[in-house]
Amino acid sequence: MNPKVDSLMSEDEGIVLFRPYVSPTAAMSVAKTLSTRWIGQGPQVEEFERQFSTRLAGDLPCAATNSGTSALHLAMLLAGIGPGDEVITTIFTCTATNMPVLYCGATPVFADIQPTTLNIDPVSVRAKLTEKTKAIVCVPYGGLPCDMDELRQIADEAEIPLIQDAAHAMGAQYHGVSIVKHATYSMFSFQAIKHFTTGDGGMLVLPDHHQIEDAKLLRWFGIDRSAKQKGIWENDITRVGYKYQMTDIAATMGLAALGDWDTIWQHRRKLLALYELEFDGIDTVEFVGGGFDDRTHAAWLCTVLVDDRVGCQAMLRSKGIEATQVHYRNDRYSIMGGRRDDMPGMDSVDDKYLVLPMHMQVTEDDVYRITDALRTGW
Ligand SMILES: Cc1ncc(COP(=O)(O)O)c(C=O)c1O
């Protein structure tokens, strides 16, 4: 690997790949929270859950956590996943999608991806079903919703839950409604470089109120927090719980960012649409995930397929543009069971996919600069 593309670029050098979005009002709001009685889990967390549910989770019950990974682990616990179970999941994602499968003592069974979307391929999912399959996990890669009708049908036929790792997909829709409506459980992430950040944080979205109390118990040591706050200390703890709760500091940042949601959404969607338009006229670059009218892309990543990826990255870097792979096929890791041979979709894009800068400080002029650089070749 060329050392020039193998190191992080500083903002002085040009257009960086990612940059956190923190609302301009967050610092003031956090200062206010810091002066109150609650800085750990308190009223701000409840308010953030309420507003997030209304704004971005189709009014479904939400439980805020200290990370997206924690939220996903909670979803898998609620789904009853345990030792000896198999979970069919995408091969192409952040390791955080599949680590919670291992936390549960279960086995990740990788399904292949569609080369045109990089999302899990329902045909491959169906082929991997066994009697041990306890859930299907899908990831709307980059923000493009998966084939939810097909996945839902497979999950329903097998009578297992469909868990959606929507870390990339805040705001995404399928058939005109939030993607959370098409899964059993969904999770969002507020890690540093997501649509907006709470420093670190996550949100678990449930299909109904049936398991929300369970989710909250598991989130905090198995203790009924509201009963404890009334001063009743004789609560029993009957199951293993975790320390997965969000803090009021983080929730305050989240609430501030929700106030900016329209701006975030419009900016990202505008950049992605411009990229797609520009790539239409560049034969050497294939835009990933365009051309759908049944789903709305959340515009978290702009991913393209190119030949000679390292050469392309080096050319972009020489022009002050940072581009990387971001995620890697998960079967490269020994802990995930090592390399699988039956992944033609993944194999066909493995040397080609590349992620281009898209965040709140990237401008339309930056997109023209990046697409012009690609147009001239490498
Ligand atoms: C697809 C995916 N899933 C899960 C996560 C984990 O989220 P968190 O960092 O909030 O735990 C990330 C990234 O952080 C991700 O990209």
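Everything below is about the structure printed above this text.
Notes on the structure follow. As the structure is a computational prediction, the values presented were derived from the model and not from experiment.

### Here we look at the packing of helix 10 (residues 261-279) against helix 13 (residues 364-376)
The interhelical angle for the contact between helix 10 and helix 13, taken along N-to-C directions, is 25 degrees, at an axis separation of 10 Å. As far as their axial angle goes, helix 13 and helix 10 are roughly parallel. For the pair helix 10 and helix 13, the sense of crossing is right-handed. Only Glu 364, Val 367, Tyr 368, Ile 370, Thr 371, Leu 374 and Arg 375 of helix 13 make contact with helix 10, whose side of the interface consists of Lys 270, Leu 271, Leu 274, Tyr 275, Glu 278 and Phe 279. Tallied by class, the residues present in the contact of helix 10 with helix 13 amount to 8 nonpolar, 1 polar and 4 charged.

### Things to note about the site of the ligand
Among the 17 residues in the neighbourhood of the ligand, the closest are listed as Gly 68, Thr 69, Asp 165, Ser 189 and Lys 194. Between His 168 and the ligand, the recorded distance is 3.0 Å, taken from a side-chain N or O atom to an oxygen atom. In this structure, Lys 194 approaches the ligand through a side-chain N or O atom, which is 2.8 Å from an oxygen atom. Protein chains bury 91% of the 380 Å² of accessible surface belonging to the ligand in isolation. For the shell around the ligand, the secondary structure elements donating two or more residues are helix 3 (68-78), helix 4 (95-103) and strand 9 (185-189). Among the residues making up the shell around the ligand, the classes are represented as 5 nonpolar, 10 polar and 2 charged.

### A closer look at the pattern of salt bridges
By the definition in use, this model includes 20 salt bridges. Taking the shortest distance from any N to any O, the salt bridge between Glu 49 and Arg 219 comes out at 2.9 Å. Of this pair, Glu 49 sits in helix 2 (residues 43-56) while Arg 219 sits in helix 7 (residues 212-219), placing them 170 residues apart in sequence. Across the pair, Arg 219 and Glu 49 agree in class, each one buried. When salt bridges with common partners are traced through the structure, they connect Arg 329, Asp 331, Arg 339, Asp 347 and Asp 350 into a single cluster.

The rules we used
- All residue numbers refer to position in the chain's written sequence, counted from 1.
- Per-residue local features of the predicted model are confined to residues with pLDDT of at least 70, and side-chain atom pairs are confined, for both listing and counting, to 80 or more; whole-chain, interface and lining totals are unaffected and use all residues.
- Computation of side-chain values: all heavy atoms of the structure, hydrogens and water removed.
- Axis definition: a line fitted to C-alpha atoms, over the contacting stretch in the case of helices. Angles run 0 to 180 degrees between N-to-C directions.
- Where helices and strands are cited, they refer to DSSP runs of H or I of at least four residues and of E of at least two residues respectively, numbered from the N terminus.
- Orientation labels follow simple angle bins: below 35 degrees gives roughly parallel, above 145 gives roughly antiparallel, 65 to 115 gives roughly perpendicular, and whatever is left gives oblique.
- By convention the crossing between two helices is left-handed if the near helix lies anticlockwise of the far one by an angle smaller than a right angle, and right-handed if it lies clockwise.
- Working rule for contacts: check all heavy atoms of both residues, and any pair within 4.5 Å makes them a contact.
- Basically, the charged four are Asp, Glu, Lys and Arg, the nonpolar ten are Ala, Val, Leu, Ile, Met, Phe, Trp, Tyr, Cys and Pro, and anything else, Gly included, counts as polar.
- In these notes, residues near a molecule or strand are those with any non-hydrogen atom within 4 Å of it.
- The term polar contact refers here to a pair of N or O atoms within 3.5 Å; inside protein, the definition further demands a hydrogen-donor-capable atom paired with an acceptor-capable atom, and it admits residues adjacent in sequence only when both atoms are side-chain atoms.
- Every accessible area reported is derived by Shrake-Rupley at a probe size of 1.4 Å, with residue values counting cover from the shown protein chains alone.
- A carboxyl oxygen of Asp or Glu within 4 Å of a side-chain nitrogen of Lys or Arg is what we treat as a salt bridge.
- Only protein chains enter the accessibility calculation, which uses a 1.4 Å probe. A residue is then buried if its area is under 20% of the maximum for its type, exposed if over 50%, and partly exposed in between.

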